[in-house]
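What follows is each chain in one-letter form.
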Amino acid sequence: MKAIWTGSLGFGLVNIPVKMYSAVEESNLDFDMLDKKDHANIRFKRVNEKTGKEVVWENIVRGFMLNDKYVVLDKEDFEKASPEKTKHIGISQFVKLAEIDPNYFEMPYFLEPDKTGVRAYALLRDALKKSGKAAIGSFVMHNREHLCVIKAQDNALVLNRIRFEQELRSPKELKIPATKATPAELKMALSLVDQLTKKFDISSFKDEYSDKLMKLIRAKSKGKAVEVPQMKVVHSNSKDLMEQLKASLSTSKRKVS
């Protein structure tokens, strides 16, 4: 793994030199864009809007439009805005994970200690395990500030980027009628929920679509015909919600047995 951020993690007066690594990898297939006529690869170029000529990365700078004029910033300017957060993750408080709405979670990362910070790293990890709590902190990466939660996982510290409150939309914008289920419908629905309830095991879920798509690609590369099952929408024979729930319960029981 390649470190994507290097800095320090601090709680109280304790500073831990750390490296950050992505804790996820994509399972989807990587497709190239091709010209339909001759299957030539499509390339994207960074072009000057005025001259139409391509611009190399070394000659590209970042600018912000202010009062109809660009203010150009360099790497040092981004760091000057908040130098204490560019290379440092400051822990501001500790919380119970259950207090954080799952909607706020974004991306997980592993934190690895530098040789000089092994003991302090172990101390924070063990303190989080013993207390059953997680740490809340913030840092700057990719020219923007990130809020994060840090928890202990096995022998490692895992940092999860989380969204700020203003980044989540409110469901109040949706047009949802104020309709409530009847007591009988709710009782039947809860029976179905109980019937389908089991302990969550993430290993039982796989990205089957990518595997099936790869199988199709291999078959097509050999000139083989790919059989596609005919899919059609089957509507319920009854519009009665109770009847649909009863049918769902009986179907679920047959699958279990």
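Before any of the text, the structure's been laid out above.
Keep in mind it's a predicted model, so treat the numbers as computed, not measured.

A look at the overall build of the protein chain
For the protein chain, the helix and strand inventory stands at six helices and nine strands. Computed over the C-alpha atoms, the radius of gyration of the protein chain is 26 Å, more than 25% above the 18 Å expected from 2.2 N^0.38 for a compact globule of 257 residues. Looking at the protein chain as a whole, 19% of its 257 residues are labelled buried. If you take every contact in the protein chain between residues at least 6 apart in sequence, the share linking residues at least 24 apart comes to 61%. When the accessible surface of the protein chain is split by element, carbon and sulfur atoms take 55% of a total near 21600 Å².

A short note on a nonpolar patch on the surface
A contiguous nonpolar surface patch, about 420 Å² in accessible area, is contributed by Val61, Met65, Tyr70 and Val72. Topologically, valine 61 is positioned in the loop between β2 (14-22) and β3 (62-66).

What to know about the nonpolar core
By size, the foremost hydrophobic cluster in this structure holds 21 residues, and its most contacted members are Leu9, Met20, Ile89, Leu111, Ile150 and Leu159. Elements that contribute at least two residues to this core include exactly β1 (5-11), β2, β5 (88-95), β6 (105-113), α3 (118-131), β7 (134-141), β8 (144-153) and β9 (156-162). In terms of residue count, α3 provides more of this core than any other element does, four residues in total. Grouped together as the second largest cluster of nonpolar side chains are six residues, Val95, Ile100, Val149 and Ile162 included.

Thoughts on the packing of aromatic side chains
All chains considered together, the criterion is met by two aromatic pairs. The interplanar angle of 65° and the centroid separation of 5.6 Å between the aromatic rings of tryptophan 5 and phenylalanine 139 together place this pair among those described as edge-to-face. Pair noted here: tryptophan 5 is in strand β1 and phenylalanine 139 is in strand β7, with a separation of 134 residues, a long-range link. An identical accessibility class is assigned to tryptophan 5 and phenylalanine 139; each is buried.

Section: the pattern of salt bridges
Enumeration over the complete set of coordinates arrives at four salt bridges. The partner of arginine 161 in a salt bridge is glutamate 106, with the nearest N and O atoms 3.3 Å apart. Separated by 55 residues along the polypeptide, arginine 161 in strand β9 and glutamate 106 in strand β6 bring together distant segments of the chain. Owing to a relative accessible area of 30%, glutamate 106 belongs among the partly exposed residues under this scheme. For arginine 125, the salt bridge is made with aspartate 126, and the minimal N-O distance between the two is 3.0 Å. For arginine 125, a relative accessible area of 14% gives the class buried. Put simply, Glu106, Arg161 and Arg163 are held in one network by salt bridges that share partners.

Observations concerning the sheet that holds β2
The seven strands lie next to each other as β1-β2-β6-β9-β8-β7-β5, forming a closed barrel whose pairing is mixed. Each strand axis lies, on average, 40° off the axis of its neighbour in the sheet, ignoring direction. Strand direction decides the pairing type here: β1 and β5, joined by three bridges, are parallel. Considered in β5, the bridge of leucine 9 is made with isoleucine 89. Along the sheet, α3 makes contact with β1, β2, β5, β6, β7, β8 and β9, crossing β9 at roughly 70°.

Basis of the calculations
- Residues numbered from 1 in each chain as written.
- Predicted model: local features only at pLDDT ≥ 70, side-chain atom pairs only at ≥ 80, totals over all residues.
- Heavy atoms only, no water.
- Helix = DSSP H or I, 4+ residues; strand = E, 2+ residues; numbered from the N terminus.
- Rg over C-alpha atoms; globule rule 2.2 N^0.38 Å.
- Buried < 20%, exposed > 50% of the residue type's maximum accessible area, 1.4 Å probe, protein only.
- Contact = heavy atoms within 4.5 Å.
- Areas by Shrake-Rupley, 256 points an atom, 1.4 Å probe, with all protein chains shown as cover.
- Patch = residues over 30% accessible without salt bridge, like charges linked within 9 Å, V, L, I, M, F, W, Y side chains within 5 Å.
- Salt bridge = Lys/Arg side-chain N within 4 Å of Asp/Glu carboxyl O.
- Core = buried A, V, L, I, M, F, W, Y, C linked by side-chain atoms within 4.5 Å.
- Phe/Tyr/Trp six-rings, centres within 6.5 Å; stacked < 30°, edge-to-face > 60°.
- Pairing = 2+ DSSP bridges.
- Axes fitted to C-alpha atoms, helices over the stretch in contact; angles between N-to-C directions.

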